[in-house]
Amino acid sequence: MAVASTHTTLKGAPAFGIVALVETVLTRVARYRLYRQTVNELSALSDRELADLGLHRSMIRRLAQQATEDQVAQ
């Protein structure tokens, strides 16, 4: 006796179980890596270079978080 089954997932439909857990972890890791990369790159700039961009060093973390959210939303 042969059993055939198909499993389809609708785009945007919530996934459950271990697949959802793995997807969530991978998404969060990707977000964090992008956030850290952005923070590191902006932190490497001098105060003069940041000022030329219209930024202050205290703005780096917030800007990195916004950039990460914008990137993931696309």
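Residues numbered from 1 in each chain as written. Predicted model: local features only at pLDDT ≥ 70, side-chain atom pairs only at ≥ 80, totals over all residues. Heavy atoms only, no water.

Caption draft 1: Looking closely at the overall build of the protein chain. The secondary structure content of the protein chain amounts to three helices and zero strands. In the protein chain, the succession of α and β elements from N to C terminus is α-α-α. Counting every position in the protein chain, which comprises 74 residues, the buried fraction comes to 11%. Per element, the accessible surface of the protein chain, about 6,600 Å² overall, is 56% carbon and sulfur. (Helix = DSSP H or I, 4+ residues; strand = E, 2+ residues; numbered from the N terminus. Buried < 20%, exposed > 50% of the residue type's maximum accessible area, 1.4 Å probe, protein only. Areas by Shrake-Rupley, 256 points an atom, 1.4 Å probe, with all protein chains shown as cover.)

Caption draft 2: Quick peek at the packing of aromatic side chains. This model, assessed by the stated rule, comprises one aromatic pair. Seen from their ring centres, Tyr32 and Tyr35 are 6.4 Å apart, and the 35° between their planes marks the pair as tilted. Of this pair, Tyr32 and Tyr35 both sit in helix 1 (residues 18-43), separated by three residues, roughly a single helical turn. (Phe/Tyr/Trp six-rings, centres within 6.5 Å; stacked < 30°, edge-to-face > 60°.)

Caption draft 3: Representation of the side chain of Thr38 within the structure. Counting through the fold element by element, Thr38 comes out in helix 1. Relative accessible area serves as the criterion here: at 18%, Thr38 is assigned to the buried category. Within the structure, the side chain of Thr38 is placed 2.9 Å from the backbone oxygen of Leu34, a separation counted as a polar contact. (Polar contact = N/O pair within 3.5 Å; in protein donor to acceptor, adjacent residues only side chain to side chain.)

Caption draft 4: Structural context of the confidence of the model for the protein chain. For the protein chain, per-residue confidence averages 84 on the pLDDT scale, and 78% of positions sit at 70 or higher. Within the protein chain, helix 3 (residues 60-73) has the poorest average pLDDT of any element, 88, and helix 2 (residues 47-52) the best, 97. (pLDDT = per-residue confidence, 0-100.)

Caption draft 5: A look at a nonpolar patch on the surface. On the surface, Ile18, Val19, Leu21, Val22, Val25, Leu26 and Val29 cluster together to form a nonpolar patch covering roughly 630 Å² of accessible area. Position of Val29 relative to the elements: it lies in helix 1. Note on Val29: relative accessible area 43%, which makes it partly exposed. (Patch = residues over 30% accessible without salt bridge, like charges linked within 9 Å, V, L, I, M, F, W, Y side chains within 5 Å. Salt bridge = Lys/Arg side-chain N within 4 Å of Asp/Glu carboxyl O.)

Caption draft 6: Main features of the environment of Thr27. With respect to the secondary-structure elements, Thr27 resides in helix 1. Sequence separation between Thr27 and Val72 is 45 residues, and the spatial gap between their C-alpha atoms is 8.8 Å.

Caption draft 7: Seen up close, the nonpolar core. Ranked by size, the top nonpolar core spans five residues in total: Val39, Leu42, Leu50, Ile60 and Ala64. For this core, the secondary structure elements donating two or more residues are helix 1 and helix 3. (Core = buried A, V, L, I, M, F, W, Y, C linked by side-chain atoms within 4.5 Å.)

Caption draft 8: Here's a closer look at the packing of helix 1 against helix 3. Where helix 1 contacts helix 3, the axes come no closer than 9 Å and their chain directions differ by 140°. Relative to helix 3, helix 1 is oriented oblique. Note that helix 1 runs across helix 3; the crossing there is right-handed. Residues Arg31, Leu34, Tyr35, Thr38, Val39, Leu42 and Ser43 of helix 1 form the contact with helix 3, whose own contacting residues are Ile60, Arg61, Ala64, Gln65, Thr68, Gln71 and Val72. Its residues placed into classes, the contact of helix 1 with helix 3 shows seven nonpolar, five polar and two charged. (Axes fitted to C-alpha atoms, helices over the stretch in contact; angles between N-to-C directions. Parallel < 35°, antiparallel > 145°, perpendicular 65-115°, else oblique. Left-handed = near helix turned anticlockwise from the far one by under 90°. Contact = heavy atoms within 4.5 Å. Nonpolar A, V, L, I, M, F, W, Y, C, P; charged D, E, K, R; others polar.)

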